[in-house]
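Summary of structural features
For reference, the chains in residue letters:
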Amino acid sequence: MSYNFPAIMKKDRKIMIVAGEVSGDSHGAKLVDAIRNAEPDCKFEFFGAASHSLRAAGVEAIVNADDLAITGLPEIARALPMFWKAFNLLKRTAVERKPDAVILIDFPDFNLKLAKSLKKAGLKVIYYISPQLWAWRKYRISTIRKYVDLLITILPFEKKWYADHGVLNVEYVGNPLVREVHSNVSKIDFCTKHNLEPAKPLVALLPGSRHKEFVKILPVFLDASRLLIEDQPDCNFIVAMASTRKIEEASDEVTKAEMRCEKLRGKIAIVKNETYDALNAADAAAVASGTATLETTIIGTPFTIVYRASGFNYKLLRPLIEVEHFGLVNLIAEERLVNEFIQEDMTPENISNELKRLLDHGENRIMRDKLREISDKLGHGGASKRAAEAILKII
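The present account deals with the structure reproduced in this document.

Considerations on the nonpolar core
- Counting 132 residues, the largest nonpolar core has Ile35, Ile103 and Ile351 as the members making the most contacts within it.
- With nine residues, the top contributor of residues to this core is helix 10 (residues 211-231).
- In contact with Ile351, not counting residues within four places along its chain, are Val220, Phe221, Ala224, Ala286, Val306, Phe341 and Met346.

Here you go:
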């Protein structure tokens, strides 16, 4: 006699996901795909705060995350009513729809408050991509301890740091950028495509994705290029634009730089959505502090880190920062592997001199070897898959 047992049906799952910045939106979309792939027979309903990538992944945008991506203390202060409205809408929606879990992605000033509120409402709270509490405002760890059921980290030193501070519900899954950041385009093909000479030194300039940092940093990069080409006339330059910027924003500045320095004419190309190819082709790079520094590390191009905030923001926030280094690569290395030029130190002279040093064959080879070691610490892919598995275990 045989028995036909009914198939065990997996229950449908509702997950709220909240991302407030472009990088979090991108990581969130990959996490959503990984969750679906981990349980293909389950029907998932995702909703929350979403921008382009999460919406494309099928997340219902209760709040448009594009509106939340604001930086600078005065700007945030002016936008407080909008943040408060978004906060209340997300909280009300979560209480009404009762998701199996809430996944909060980075964006700590907003998401830590939301974690507290939603945990008190009886919801399971998962935090993906740890707030950088090890860098500043360490007191916020009490919020993680009390109101987060699972903290998923993507930097190798974070799990131990949290354990040392009494937070044990932490999973390190590797860095999701590792598998995403790569280029299959050779320097010869890249330079040929952009009318540059492949045999000549190539310097990549990454001035950042946000408007305020872009307009502060790109002119300094171009002044540094002018100084460098006076010393090394064979140099070529590539300005790698983030997807959020328009080519015209850079071309106007490049035209001004060429008018000031005849030697730069025909030596600077501008690309958009080709950052990884540009870095892979480059012999050295100058990179605005942020996610791009980790991407440059993974690709392995020797680089320097720069950043300049408004004087008001820097004076207010600098005393709160508790780490020696700004660059994540240096925090992972636990040494000043990549030189940083922050605020007043971000001068054309400093950047030019550092790029000149990095173009030296011996120095270049040494840094490439060290960057490879750092990249290995970030894992070898599969971070989104491991994060999805950790989340599904607890819901």
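We are not done yet, so read on.
Observations concerning the environment of Ala292
- On the secondary structure map, Ala292 appears in helix 13 (residues 291-299).
- Taking C-alpha positions, Ala292 is 9.3 Å from Ser209, a pair spaced 83 residues apart along the chain.
- Ignoring any residue separated from it by four or fewer positions in sequence, one finds Ala292 in contact with Leu206 and Val287.

Focus: the pairing of strand 8 (residues 202-206)
- Counting buried positions along strand 8 gives five out of five residues, so the element sits mostly inside the fold.
- Here strand 8 shows a buried face lined by Leu202, Ala204 and Leu206 and a second buried face lined by Val203 and Leu205.
- The pairing of strand 8 with strand 9 (residues 236-241) spans four bridges and is parallel. When the bridges of strand 9 are listed, Leu202 appears paired with Asn236.

Description of the environment of Asn350
- Locating Asn350 in the fold gives a position in helix 16 (residues 348-359).
- Taking relative accessible area as the criterion, Asn350 reaches 27% and is therefore assigned partly exposed.
- Taking the C-alpha atoms as reference points, Asn350 and Ile305, 45 residues apart in sequence, are found 11 Å from one another.

So, how was this worked out
Residues numbered from 1 in each chain as written. Predicted model: local features only at pLDDT ≥ 70, side-chain atom pairs only at ≥ 80, totals over all residues. Heavy atoms only, no water. Core = buried A, V, L, I, M, F, W, Y, C linked by side-chain atoms within 4.5 Å. Buried < 20%, exposed > 50% of the residue type's maximum accessible area, 1.4 Å probe, protein only. Helix = DSSP H or I, 4+ residues; strand = E, 2+ residues; numbered from the N terminus. Contact = heavy atoms within 4.5 Å. Pairing = 2+ DSSP bridges.

Note that all results are geometric; they support no functional claim without further evidence.
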